[in-house]
Amino acid sequence: MIPFFADAPRPELAARLAVFAPLIGSWSLVVENVRDDGGADVTDGEWHFAWALDGRALTDVWISPSRAVRAAEGLDGEWGMSLRFYDPAIEAFRSTWLGPGRGWVIPFIGTPTPDGFRLDAEGRSWIFSELTRDSFEWRAEETTPGSPAPRVRQRFHARRVTDGQATA
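What this report covers is the structure whose coordinates are included nearby.

Now for the nonpolar core. For soluble globular proteins, the rule of thumb is that nonpolar side chains tend to be buried together. F20, L23, W47, F128 and F136 are the most contacted members of the largest nonpolar core, which has 29 residues in total. F136 has contacts with L23, W27, W47, F49, F128, S129, E130, L131, F156, H157, A158 and R159, leaving out every residue within four places of it along the chain.

Here you go:
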């Protein structure tokens, strides 16, 4: 095992981090990038989740299009990584997204929801919903000043590929 990864959350953090336990492993994605006209450009992707930092955190790597499609079709795309951990000082999760393709570093505050969890930053929300052992939905929403409601910018439909530690 790579020292960065952990087999499980630390026992004293297990109850707090349990919201992330169903994500551990690898997922195939249908990625919908929503255009300004409301239509969507669809591609595939992959997402890999693992416990990290001696079980104190959850990390993930997101890739779209998938490595298989990139190799077969000679495409480029986006790779990104997040790190999430519970911060008792704010009684919520801190999460940071790193997207080198666009130069993005986005800090979020996360909270559990009845069917998953939500990450919020200024004008952005990333929502994991319908989280089960074998699937989940994800969406990115943006709120612009003067807008009556958030606008969905991206959706993922995830299906489990493997259990256990991610290998990305």
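This is not the end of the story, as more comes after the structure.
Further remarks concern the pairing of strand β4 (residues 57-64). The element β4 is largely enclosed, with a buried count of 8 among its 8 residues. Burial along β4 is two-sided: A57, T59, V61 and I63 and L58, D60, W62 and S64, pointing in opposite directions, are all buried. Both strand β3 (residues 40-52) and β4 contribute to a ladder of 7 bridges, which runs antiparallel. Among the inter-strand pairings, E46 is bridged to a residue of β4, identified as I63. Once β3 ends, the chain turns through 4 residues before running back antiparallel as β4, passing L53 with a positive phi of about 50°.

So, on to the side chain of S129. Here S129 shows up in strand β9 (residues 124-129). Residue S129 is classed as buried on the basis of its relative accessible area, which comes to 10%. Not counting residues within four places of it along the chain, the set of residues in contact with S129 comprises D115, F136, E137 and R139.

Basis of the calculations
- Residues numbered from 1 in each chain as written.
- Predicted model: local features only at pLDDT ≥ 70, side-chain atom pairs only at ≥ 80, totals over all residues.
- Heavy atoms only, no water.
- Core = buried A, V, L, I, M, F, W, Y, C linked by side-chain atoms within 4.5 Å.
- Buried < 20%, exposed > 50% of the residue type's maximum accessible area, 1.4 Å probe, protein only.
- Contact = heavy atoms within 4.5 Å.
- Helix = DSSP H or I, 4+ residues; strand = E, 2+ residues; numbered from the N terminus.
- Pairing = 2+ DSSP bridges.

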